[in-house]
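Close look at the chain arrangement
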Amino acid sequence: ILVTGGCGYIGSHTTLALMAAGHEPVLLDNLCNSKQAVLGRIEAITGRAPRFYHADVRDQARLEQVLRDEQIEAVIHFAALKAVGESTRIPLDYYENNLTGTLVLLRAMKACNVRTLVFSSSATVYGDPASVPIREHFPRSATNPYGRSKLIIEQVLEDLQAAEPDWSMTLLRYFNPVGAHESGTMGEDPQGIPNNLMPFLTQVAIGRRERLSIFGNDYPTVDGTGVRDYIHVMDLAEGHVKALEHCHGKGGVHTYNLGTGKGYSVLQMVAAFSRACGHELPYHIDARRPGDIAECWADPAKAEQELGWQATRDLTSMCADSWRWQSSNPTGYEE
Ligand code: NAD
Ligand code: WQD
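Read on for an overview of the structure. (Residues numbered from 1 in each chain as written. Chains lettered and ligands numbered in written order. Predicted model: local features only at pLDDT ≥ 70, side-chain atom pairs only at ≥ 80, totals over all residues. Heavy atoms only, no water.)

1. Considerations on the pairing of strand E3 (residues 51–54)
- Strand direction decides the pairing type here: strand E2 (residues 26–29) and E3, joined by four bridges, are parallel. Note that in E3 the partner of valine 26 across the bridge is arginine 51.
- Each parallel crossover has a hand, and for E2 linked through helix H2 (residues 38–46) to E3 it is right-handed. (Pairing = 2+ DSSP bridges. Helix = DSSP H or I, 4+ residues; strand = E, 2+ residues; numbered from the N terminus. Right-handed = clockwise from strand over helix to strand, strands pointing away.)

Laid out in structure tokens, this is it:
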């Protein structure tokens, strides 16, 4: 299985889940947002280092060589830029990397007769949903270039599958991935100031940041702060394995929400994380962040019924595992 973006947060954890299930992942990453040190951590956990190519998904010749040399049967495509705010400042870089990267990958797969793709989509394609929980048939929209890149790629995959029905396209729409591998040796390692809530919280807890800014407490939610469906990254990783095993070789477009079906507010997250790290976390209420929605959580029933997958790790484990990773690796993968 070729795993593009395999050194990143979700890709590296999915590599563990693939190996645990007896698959043979081959990683490809240009390391623009990750570190090669993750490979040693994977080896320490599994006893085996996965094969790794330091390459860009926009390099079609290199991709074709890897697909042939490694006799790849399916691709899980994580490689992308993913920061919403940054995407509004440098949209061309986002379209170039995410769209061109996917188009080149599809061309290479076609040339090598690989027809199974599992794509990292996002709950962001639901825009501001009319109601929750969100089901897969809800209308799609985008409010920023990052989200639009995901939406356009979904449509490209649908168009290609309609034209060439032997393609198996699986669109996995992730809600909010958090947590880390239970060992505490692998986790999320954002560069610079974290955009997302959980890594920001872990950095406040370890003393790398002074306090959390909560973006708005006047939303129509349980306590006024934004509500999201946080999902443990290992549950998400296992969802990829189930999806791959179910959809491999089945022509069609297969779309699944990967979430827990439960929503927690920012204040509930702060309280849960304080319990995990054993001390209070300083925060203040700030203005709403432009583009944020009030609440968002999944209806994960389709994945449960068709893939036999459901998230099993609760909020306490998400926080405990994030904290174990952050506290034993205060500067991430840096030696
Ligand atoms: P990440 O940045 O940790 O991982 C992405 C990896 O892709 C990185 O290792 C990066 O170096 C690599 N990469 C980027 N462009 C590349 C290119 N052109 N060629 C080769 N490698 C390239 O991000 P993540 O959180 O692991 O996200 C993985 C995927 O899941 C992304 O597609 C992201 O959009 C999607 N997603 C993430 C979230 C989230 O909150 N983390 C939510 C929904 C969807
Ligand atoms: C969660 C909640 C914030 C940071 C983003 C992308 C989405 C997907 C997942 C990729 C919100 C609040 C946050 C902070 C805060 N990524 N917050 N202070 O916005 O739900 O989703 O990541 O596909 O596309 O948009 O996640 O973690 O940024 O925010 O108060 O410092 O925490 O307002 O309510 P979000 P998040």
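2. Side note on the layout of surface pockets
- Taken as a whole, the second largest pocket holds about 220 Å³ of empty space.
- As for the second largest pocket, its lining consists of 13 residues, of which Ile1, His23, Glu24, Gln71 and Glu73 are closest to the centre.
- Each residue belonging to the lining of the second largest pocket can be placed in one class, and the counts come to five nonpolar, three polar and five charged. (1 Å grid on protein atoms, 1.4 Å probe; cavity = no way out; pocket = protein on both sides within 12 Å on 5 of 7 lines; lining within 4 Å. Points joined across faces, edges and corners; volume = space filled by probe spheres on them. Nonpolar A, V, L, I, M, F, W, Y, C, P; charged D, E, K, R; others polar.)

3. Observations concerning the pattern of salt bridges
- All chains considered together, the criterion is met by 18 salt bridges.
- For the salt bridge of arginine 140 with glutamate 154, the shortest nitrogen-to-oxygen distance reads 2.7 Å. Of this pair, arginine 140 sits in the loop between strand E5 (116–122) and helix H6 (145–163) while glutamate 154 sits in helix H6, and the two are 14 residues apart along the sequence.
- The closest approach of N and O atoms between arginine 313 and glutamate 182, which form a salt bridge, is 2.8 Å. Of this pair, arginine 313 sits in the loop between helix H10 (301–307) and helix H11 (315–328) while glutamate 182 is found in the loop between strand E7 (176–178) and helix H7 (197–206), placing the two residues 131 residues apart along the sequence.
- Shared partners join several salt bridges into a network, and the residues in it are Arg140, Glu154, Glu158 and Arg173. (Salt bridge = Lys/Arg side-chain N within 4 Å of Asp/Glu carboxyl O.)

4. Here we look at the packing of aromatic side chains
- Following the criterion strictly, the structure yields three aromatic pairs and no others.
- Here the aromatic rings of tryptophan 325 and tyrosine 333 are separated by 4.8 Å at their centres, their planes lie at 50°, and the arrangement is tilted. In this pair, the class of tryptophan 325 matches that of tyrosine 333, namely buried.
- A cation over a ring is seen here: arginine 288 above tyrosine 219, with NZ or CZ 3.9 Å from the ring centre. (Phe/Tyr/Trp six-rings, centres within 6.5 Å; stacked < 30°, edge-to-face > 60°. Buried < 20%, exposed > 50% of the residue type's maximum accessible area, 1.4 Å probe, protein only. Lys NZ or Arg CZ within 6 Å of the ring centre and 35° of its normal.)

5. Section: the site of ligand 1
- In the vicinity of ligand 1, 27 residues are found, and the nearest of them are Asp29, Asn33, Ser34, Phe78 and Tyr146.
- A distance of 3.1 Å separates a nitrogen atom of ligand 1 from a polar side-chain atom of aspartate 56.
- Between ligand 1 and valine 57 there is a distance of 3.0 Å, counted from a nitrogen atom to a backbone nitrogen or oxygen.
- Contact with the protein chains hides 95% of the accessible area of ligand 1, taken as 820 Å² for the molecule alone.
- Within the residue set of the shell around ligand 1, elements represented by two or more residues are helix H1 (9–20), E5 and H6.
- At three residues, E5 tops the list of elements feeding residues into the shell around ligand 1.
- For the shell around ligand 1, a count of residues per class yields 13 nonpolar, nine polar and five charged. (Near = heavy atom within 4 Å. Polar contact = N/O pair within 3.5 Å; in protein donor to acceptor, adjacent residues only side chain to side chain. Areas by Shrake-Rupley, 256 points an atom, 1.4 Å probe, with all protein chains shown as cover.)

6. Examining empty space enclosed by the protein
- Going through the model one piece at a time under the given rule, you end up with two cavities of 30 Å³ or more.
- Here the largest cavity is characterised by a volume of approximately 100 Å³.
- In terms of lining, the largest cavity is formed by Tyr9, Val178, Gly179, Glu188, Pro190, Met198, Pro199, Thr202, Gln203, Ser322, Trp325 and Gln326.
- The biggest single contributor to the lining of the largest cavity is H7, with four residues.
- Among the residues making up the lining of the largest cavity, the classes are represented as six nonpolar, five polar and one charged.
- There is about 60 Å³ of room inside the second largest cavity.
- Every residue lining the second largest cavity is listed: Glu188, Asp189, Pro190, Gln203, Arg208, Trp325, Gln326, Asn329 and Gly332.

7. Topic: the site of ligand 2
- The immediate surroundings of ligand 2 are formed by 18 residues, with Ser122, Tyr146, Ser213, Arg228 and Asp292 found nearest.
- In this structure, an oxygen atom belonging to ligand 2 sits 3.4 Å away from a main-chain N or O atom of asparagine 195.
- One of the backbone N or O atoms of leucine 197 is found 2.8 Å from an oxygen atom in ligand 2.
- Burial of ligand 2 by the protein chains amounts to 87% of its free accessible area of 680 Å².
- No other element matches the four residues that strand E8 (residues 212–215) contributes to the shell around ligand 2.
- Residues of the shell around ligand 2, tallied by class, amount to eight nonpolar, seven polar and three charged.

8. Things to note about the packing of H7 against helix H9 (residues 266–277)
- Remark: H7 packs on H9, axes separated minimally by 11 Å, with the N-to-C direction vectors making an angle of 40°. Classed by the angle they form, the pair H7 and H9 counts as oblique. Crossing angle aside, the handedness with which H7 passes H9 is right-handed. On H9, the residues that touch Leu197, Met198, Leu201, Thr202 and Ala205 of H7 are Val266, Met269, Val270, Phe273 and Cys277.
- Of the residues in the contact of H7 with H9, the class split is nine nonpolar, one polar and no charged. (Axes fitted to C-alpha atoms, helices over the stretch in contact; angles between N-to-C directions. Parallel < 35°, antiparallel > 145°, perpendicular 65-115°, else oblique. Left-handed = near helix turned anticlockwise from the far one by under 90°. Contact = heavy atoms within 4.5 Å.)

9. Things to note about unusual backbone geometry
- With omega at 0°, the peptide bond leading from valine 132 into proline 133 counts as cis.
- Its place among the elements puts proline 133 in the loop between E5 and H6.
- Phi is positive for leucine 31, close to 60°, though the residue is something other than glycine.
- By the secondary structure assignment, leucine 31 is in the loop between E2 and H2.
- In this structure leucine 31 comes out as buried when scored by relative accessible area, which is 19%.
- For glutamine 71, which is not glycine, the phi torsion reads 50° and is therefore positive.

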